[in-house]
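Okay, here's what each chain looks like letter by letter:
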Amino acid sequence: MVGPRGRGSNMAALVRACQAGEVPAKVEVVVASGTGSDAEASAQSLGVKTQVVLPGEEYGARLLEALSGCDWICLAGFLRILPQVVLARFPNRVLNIHPSLLPKYGGKGMYGHHVHEAVLAGGELESGCSIHYVNEQYDDGAVILQKICPVLPDDTPESLAARVLVLEHMAYPEALAKVIRDRSC
């Protein structure tokens, strides 16, 4: 599932890794929370079915309908708390990516450039990304995998974000493959 503002680069990295056999899964559907996003167009160009599910009444039930036949949910740029009915249907099978080393710089409002600005303002020597399980709280689920990069003295939020994004594209497929393989053992 992707948010309406994202480029969809993490989603595309997951799709490509699945298509290449690096992750033992097939992406069945990309669910977007708005129409006309770059992520939606990217998924379609990769040959993946897309579906838009707008927030509102019966949101959880409509999400479940869109996700019918799926075993895992991978969030990317999705800035909402998933409805409890969705989390209950996919226990410990919903993953998210976050552009910091959780538990630092996570929580409501901590996404995109806000995270990188906070990392720099905090004087951190390293940053990176975290793949974690999703629960009822923002960025609170158990961390599955982290990748780390240094924070350089001349970093800007944009330069740090670019380095972290490279790590994200490696980390998300690696984490998804790990949890799928661990579950099948």
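All values reported here derive from a predicted model rather than from experimental measurement.

> Help me get a handle on the nonpolar core, residues and values and all.
In terms of nonpolar packing, the biggest core is built from 27 residues, with Val 23, Leu 95, Ile 131, Ile 144, Tyr 172 and Leu 176 touching the most fellow members. Listing elements by their share of this core, those giving two or more residues are α1 (9-19), β4 (94-98), α5 (113-121), β5 (126-133), β6 (143-150) and α6 (157-184). Of all the elements, α6 adds the most residues to this core, at ten residues. When residues no more than four places from it in sequence are discounted, the contact partners of Tyr 172 are Asn 10, Leu 14, Cys 74, Leu 75, Leu 95, Asn 96, Ile 97 and Ile 131. Within the second largest apolar cluster, 18 residues are counted, among which are Val 53, Leu 67, Ile 73 and Val 134.

> Account for helix α3 (residues 59-66), with residues named and values stated.
Looking only at α3, the buried set comprises Tyr 59, Gly 60, Leu 63, Leu 64 and Ala 66. Buried residues of α3, seen end-on, are gathered within an arc of 160 degrees and therefore sit on one face of the element. Lining the buried residues of α3 we find β1 (30-32), β2 (50-52) and α4 (84-89).

> Can you break down α6 residue by residue, with the values?
For α6, built from 28 residues, the straight-helix expectation of 40 Å at 1.5 Å per residue is met to within 8% by its first-to-last C-alpha distance of 39 Å. Buried within α6 are the following residues: Leu 160, Val 164, Leu 167, Glu 168, Ala 171, Tyr 172, Pro 173, Ala 175, Leu 176, Ala 177, Val 179 and Ile 180. Looking at the buried positions of α6, the neighbouring elements they touch are α1, β3 (73-75), β4, α5, β5 and β6.

> I'd love a proper account of the packing of α1 against α6, names of residues and values included.
Two numbers describe how α1 lies on α6: the axes approach to 9 Å, and their chain directions differ by 45 degrees. Considering their axes alone, α1 and α6 lie oblique with respect to each other. Crossing geometry of α1 relative to α6 is assigned as right-handed. For the pair α1 and α6, the contacting residues are Ser 9, Asn 10, Ala 13, Leu 14 and Ala 17 in the first and Leu 165, Glu 168, His 169, Tyr 172, Pro 173 and Leu 176 in the second. Residue classes in the contact of α1 with α6 are distributed as seven nonpolar, three polar and one charged.

> Describe the sheet that holds β5, with residues and values.
As a general point, the strands of a sheet are linked pairwise by backbone hydrogen bonds and lie either parallel or antiparallel. With respect to topology, four strands assemble into an open sheet ordered β3-β4-β5-β6, the strand pairing being mixed. With one partner strand each, in any of the chains shown, β3 and β6 form the two edges of the open sheet. The mean angle between the axes of side-by-side strands here comes to 15 degrees, regardless of whether they run parallel or antiparallel. Looking at chain direction, β4 and β5 are connected through four bridges and run antiparallel. When the bridges of β5 are listed, His 98 appears paired with Ser 130.

What counts, and at which threshold
- Numbers given to residues run from 1 along each chain, matching the order in which its sequence is written.
- Confidence filtering applies because this is a predicted model: local features only for residues at pLDDT of at least 70, side-chain atom pairs given and counted only at 80 or more, and all residues used for totals across whole chains, interfaces and linings.
- Values shown for side chains rest on all heavy atoms present in the structure; no hydrogens or waters enter the calculation.
- Residues grouped as a nonpolar core are buried Ala, Val, Leu, Ile, Met, Phe, Trp, Tyr and Cys residues, joined through side-chain atoms within 4.5 Å.
- Burial classes: relative accessible area under 20% of the type maximum marks a residue as buried, over 50% as exposed, and values in between as partly exposed (1.4 Å probe, protein chains only).
- Helix numbers and strand numbers start at the N terminus; a helix is a DSSP run of H or I with at least 4 residues, a strand a run of E with at least 2.
- Whether two residues are in contact is decided by their heavy atoms, any of which lying within 4.5 Å being enough.
- Arc definition: directions from the helix axis to the C-beta atoms.
- Working rule for helices: expected span equals 1.5 Å times residues minus one.
- The convention used is that axes are lines fitted to C-alpha atoms, helices contributing only their stretch in contact, and that angles between N-to-C directions extend from 0 to 180 degrees.
- For classification, angles of less than 35 degrees are called roughly parallel, those exceeding 145 degrees roughly antiparallel, those between 65 and 115 degrees roughly perpendicular, and all remaining angles oblique.
- Two helices cross in a left-handed way if the nearer one is turned anticlockwise from the farther one by less than a right angle. They cross in a right-handed way if the turn is clockwise.
- Just so you know the grouping, Ala, Val, Leu, Ile, Met, Phe, Trp, Tyr, Cys and Pro go in nonpolar, Asp, Glu, Lys and Arg go in charged, and all remaining residues, Gly too, go in polar.
- By definition, two strands form a pair when at least two bridges between them are found by DSSP.

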